[in-house]
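Observations on the three-dimensional arrangement
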Amino acid sequence: MSPAVLEAELMWTLGGFAPGVQIAIGDDGRIAAAGALGLSPTERLSGVALLPGFVDTHSHAFQRGLRGSGERFPAGAGSFWSWREAMYALVGSLDRESLRRWSVQAFGEMRDAGVTTVGEFHYVHHERDGDFALDEVVLAAAAEVGIRIALLNTFYATGAPGKPLQGAQCRFATPSLDEYWRRMDLLAGMLEPATQSLGAVAHSIRAASPEQIRAVHDEAMRRALPFHMHVEEQEREIEESMAAYGATPMAVILDALDVRDNFTAVHCTHTSDADMARFLAAGGRVCLCPLTEANLGDGIPRLSLPHAARDRLALGTDSNNRLSLLEEMRWLEYGQRLEGEMRGALADEAGNVATTVLAAATTGGARALAVDTGRIAPGAWADLVAIDLTAPALAEVGPERLLEALVFGAGNEVIAGTFVGGRWRATRARA
Ligand SMILES: [Zn+2]
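Summary of the structure given here. (Residues numbered from 1 in each chain as written. Predicted model: local features only at pLDDT ≥ 70, side-chain atom pairs only at ≥ 80, totals over all residues. Heavy atoms only, no water.)

Brief notes about a nonpolar patch on the surface
Operational definition: Patches here are clusters of residues that have more than 30% relative accessible area and form no salt bridge, with a 9 Å joining cutoff for like charges and a 5 Å cutoff for nonpolar side chains (Val, Leu, Ile, Met, Phe, Trp, Tyr). Only the protein chains shown count as covering a residue, and every accessible area follows the Shrake-Rupley method with a 1.4 Å probe. Every case where a carboxyl oxygen of Asp or Glu lies within 4 Å of a side-chain nitrogen of Lys or Arg is listed as a salt bridge. Numbering of helices and strands runs from the N terminus; a helix is a DSSP stretch of H or I covering at least four residues, while a strand is a stretch of E covering at least two. Relative accessible area decides the class of each residue, using a 1.4 Å probe on protein chains only: under 20% of the type maximum gives buried, over 50% gives exposed, and in between gives partly exposed.
Together, Ile 300, Trp 331 and Leu 338 give the surface a local cluster of nonpolar side chains, amounting to about 290 Å² of exposed area. Inspection of the secondary structure puts Leu 338 in helix H10 (residues 325-340). The class of Leu 338 is exposed, set by a relative accessible area of 58%.

Focus: the coordination of the zinc ion
Note the cut-off: In this analysis a donor is any N, O or S atom within 2.8 Å of a metal ion (3.2 Å for sodium, potassium and calcium), and since water is not included, sites may seem incomplete. Irregular is the label for any site that misses the other tests, which are tetrahedral for four donors with all angles between 85 and 135 degrees, and square planar for four donors or octahedral for six when opposite donors exceed 155 degrees and the remaining angles lie between 65 and 115.
Looking at the metal site, the zinc ion is ligated by His 58 (NE2), His 60 (NE2), His 230 (NE2) and Asp 318 (OD), spaced 2.1 to 2.6 Å from it. Every donor counted, the four donor atoms about the zinc ion form angles of 82 to 172° at the centre, which fits irregular coordination.

Regarding unusual backbone geometry
A positive phi angle, near 55°, is found at Ala 224, a position not held by glycine. Tracing the chain through its elements places Ala 224 in the loop between helix H5 (210-222) and strand S9 (227-231). On the accessibility criterion, Ala 224 (65% relative accessible area) is exposed. Even without being a glycine, Glu 232 presents a positive backbone phi close to 55°. Tracing the backbone through its elements, the reader meets Glu 232 in the loop between S9 and helix H6 (235-245). For Glu 232, a relative accessible area of 1% gives the class buried.

Regarding H10
Worth spelling out the cut-off: What a helix is expected to span follows from its residue count: subtract one and scale by 1.5 Å. Identification of polar contacts relies on pairs of N or O atoms within 3.5 Å, with a donor-acceptor requirement for protein atoms, meaning one able to donate a hydrogen and the other able to accept it, and with residues adjacent in sequence counted only if both atoms are side-chain atoms.
Relative to the 22 Å expected for 16 residues at 1.5 Å per residue, H10 spans 23 Å between its end C-alpha atoms, a close match to the ideal helical length. For H10, the full list of buried residues reads Leu 325, Leu 326, Glu 327, Glu 328, Met 329, Arg 330, Leu 332, Glu 333, Gly 335, Gln 336 and Arg 337. Where H10 begins, the capping side chain belongs to Ser 324, and its oxygen is found 3.1 Å from the backbone nitrogen of Glu 327. Just past H10, the residue Glu 341 takes up positive phi, approximately 50°.

Observations concerning the sheet that holds strand S2 (residues 16-25)
As a reminder of what qualifies: Any two strands with at least two DSSP-identified bridges between them are counted as paired. All axes here are fitted lines through C-alpha atoms, helices being fitted over the stretch that makes contact, and every angle between N-to-C directions spans 0 to 180 degrees.
One open sheet holds the seven strands; their spatial order is S3-S2-S1-S4-S13-S14-S15, and the pairing between them is mixed. The strands lining the two open edges of the sheet, one partner per strand, are strand S3 (31-35) and strand S15 (423-426). Neighbour-to-neighbour, the strand axes of this sheet turn through a mean angle of 35°, independent of strand direction. Pairing of strand S4 (residues 43-52) with strand S13 (residues 384-388) involves five bridges; the strand directions are antiparallel. Bridged to Val 48 within S13 is Asp 388.

As structure tokens, then:
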């Protein structure tokens, strides 16, 4: 049963942890009030700090099925492209039941990692030719776990610029723009309104022409939907785009369509400073997936972001090889430290790094998915992560250093559980 008034030892509010606070949760699953409310609590969370639930902005849940594979290299060094062959082999074997199993597993691990909202970038549509049977499996798996989901439903038409889909890629096919939006309408009718929403996606410059990308994006704008796309994860993607269109993928996007703040570019690992400046000036958002980018050997993006653009960052777990938002936050900053041989690379004007990376994992992701979550404030969904202040990793840490200790010194073991829309789920290792 959902508690109506939660009281925790500490709560993240206005950029710091405050003691003795309460959160009142309405029947609709939203926060009705938060602060020193003076109400009698229906549930006391002693030894717990509450943070806004984390937002995993970019996931491919089915790739949980690759966990532990592809990490031996008998033929010599691998690459993103050799990994992709293993991923395509998994796609070839996928059916409704295995997708359900891996999605439930991935979403469950996400909740254990403090994630309350996932942006599921979904492109494996077909169990059999053209049936789109796998779309609803993902929604059902999210409902089973009780995680909030923005189903980022993907348009996918070509295997490379101007090339037809081949082999396992046929499971990704959206035959036409009309068919894509017809599917979006059908999916809209299947959503659980309190926890599920949609976003539009063009998979990448490999999978859609500039005209198709613009068409999907413009209709998404018209429908007030978020729009996501993989952009410049690999140098080869840039080479293929230069050969086909005479411009980088990011330049093709910026020339082809009217980028606004509903556009989230995922990765941007090899995006030039000039293209990035243009994209951010237009209002674009950037989602990084540091653990996956490291695992796949993608490279490290140069985030020479102005302070004002730092709230445009989001974080994703992408291949779900490891599910920890605290680690994604840490490696967002660590990647920049290693790349730039400096500390505090993502510090805000006040010199704080932990708040920047927490914002990427909460408000930045929420805005990228157009979901009112990631903040503890009236009107937002009551999506919260409960931190166990008695965990060994947090011993001897006061409230003033707690966020830094979480980001740089702790992992999933400190997460006691999560609330989604006011509904509690204990971390399974503790249940
Ligand atoms: Zn991805």
